[in-house]
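For reference, the chains in residue letters:
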Amino acid sequence: MKMAIGRLPVLYTVLVCGLVAPGGVYGQTDMERVLETLARIEDTLDRHAAGTVTGKLKVFPAPFGVVLNWDLAKRLCVNKEGHLGVPRTKKEVEEVNKVIKEKRWKVWMNGNDKIKEGDFVDIYGKELTLQNFMKGQPNGKRKSNCLAIYDKSYRQYSNWNDVKCRADLDGYVCRMPI
């Protein structure tokens, strides 16, 4: 199970203080209120943990204890009223790199080559005009079809990689509305 140390005190307080009673002592309405409260707490933690990249791009951490694959990252962005994002300019690439280097994360971005191997497109089927793959990438053939960016501090830069879409990564990039 993933651990997010900053979130443990909140979950500990909820569980230990009896807000979630074992065996369902509280009614469904109380449980729904607790779940809504936890969702608001999670949203607040996400907003504080996210690094604003440029205007519309944000990098979010994986939800606590959740295996974050590419499809889930895509849905989480939609839930935040955005969509899985990808840098469109060199400045956005630099800003995303800065955030993931600081956090030492591997994050999902908007791009895949599921239709035609080697032709990366966004979730709307448009070709990615800006590509920043690391040397030797993409190399996943039919096994690795989804776009991620890794912290490659040992090489002094971050670059894109094709990854298995079901891989568990640390976060995701969303393009948010203004």
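Residues numbered from 1 in each chain as written. Predicted model: local features only at pLDDT ≥ 70, side-chain atom pairs only at ≥ 80, totals over all residues. Heavy atoms only, no water.

**Some words on the environment of lysine 58**
- Position of lysine 58 among the secondary structure elements: in strand S2 (residues 57-61).
- Counting along the chain gives 27 residues from lysine 58 to glycine 85, while the straight-line C-alpha distance between them is 8.3 Å. (Helix = DSSP H or I, 4+ residues; strand = E, 2+ residues; numbered from the N terminus.)

**Structural notes on the nonpolar core**
- Counting residues in hydrophobic clusters, the biggest one holds 19 residues, and the most contacted among them are Leu68, Trp108 and Tyr172.
- Listed by contribution, the elements that provide at least two residues to this core are helix H3 (70-79), strand S5 (146-150) and strand S7 (171-175).
- Other than its neighbours up to four places away in sequence, tyrosine 172 contacts Lys58, Val59, Phe60, Pro61, Leu68, Ala73, Leu76, Cys77, Lys80, Leu84, Val107 and Trp108.
- In this structure, Leu57, Met109, Phe133 and Leu147 belong to the second largest nonpolar core, which totals 16 residues. (Core = buried A, V, L, I, M, F, W, Y, C linked by side-chain atoms within 4.5 Å. Buried < 20%, exposed > 50% of the residue type's maximum accessible area, 1.4 Å probe, protein only. Contact = heavy atoms within 4.5 Å.)

**Some remarks on the side chain of asparagine 110**
- Looking at where asparagine 110 falls in the secondary structure, it is placed in strand S4 (residues 106-112).
- Of the residues examined, asparagine 110 reaches a relative accessible area of 3% and is grouped as buried.
- One polar contact links the side chain of asparagine 110 to the main-chain carbonyl oxygen of leucine 84, over a distance of 3.0 Å.
- At a separation of 2.7 Å, a polar atom in the side chain of asparagine 110 contacts the main-chain amide nitrogen of isoleucine 123.
- With residues near it in sequence (within four places) discarded, asparagine 110 still touches His83, Leu84, Gly85, Val86, Asp122, Ile123, Leu128 and Leu147. (Polar contact = N/O pair within 3.5 Å; in protein donor to acceptor, adjacent residues only side chain to side chain.)

**Re the state of the cysteines**
- A complete count under the given rule lists two disulfides for this structure.
- What pairs with cysteine 146 in a disulfide is cysteine 165, and their sulfur atoms sit 2.0 Å apart. Because the sign of the S-S torsion sets the handedness, a value of about 90° for the bond joining cysteine 146 and cysteine 165 places this disulfide among the right-handed ones. Of this pair, cysteine 146 sits in strand S5 while cysteine 165 sits in the loop between strand S6 (159-163) and S7, and the two are 19 residues apart along the sequence. Assigned by exposure class, cysteine 146 and cysteine 165 land together as buried.
- With its bonded cysteines labelled in order along the sequence, the chain shows the pairing 1-4, 2-3. (Disulfide = S-S within 2.5 Å.)

**Focus on the environment of asparagine 161**
- Note on placement: asparagine 161 falls in strand S6.
- Residues asparagine 161 and tyrosine 150 lie eleven residues apart in sequence; the distance between their C-alpha atoms is 7.3 Å.
- Among residues more than four places away in sequence, those in contact with asparagine 161 are Phe133, Met134, Gln137, Cys146, Leu147, Ala148 and Tyr150.

**Quick word on the environment of proline 63**
- With respect to the helices, strands and loops of the structure, proline 63 is situated in the loop between S2 and H3.
- On the basis of relative accessibility, which here comes to 14%, the residue proline 63 falls in the buried class.
- Linking proline 63 and alanine 73, residues ten residues apart in sequence, is a C-alpha distance of 9.8 Å.

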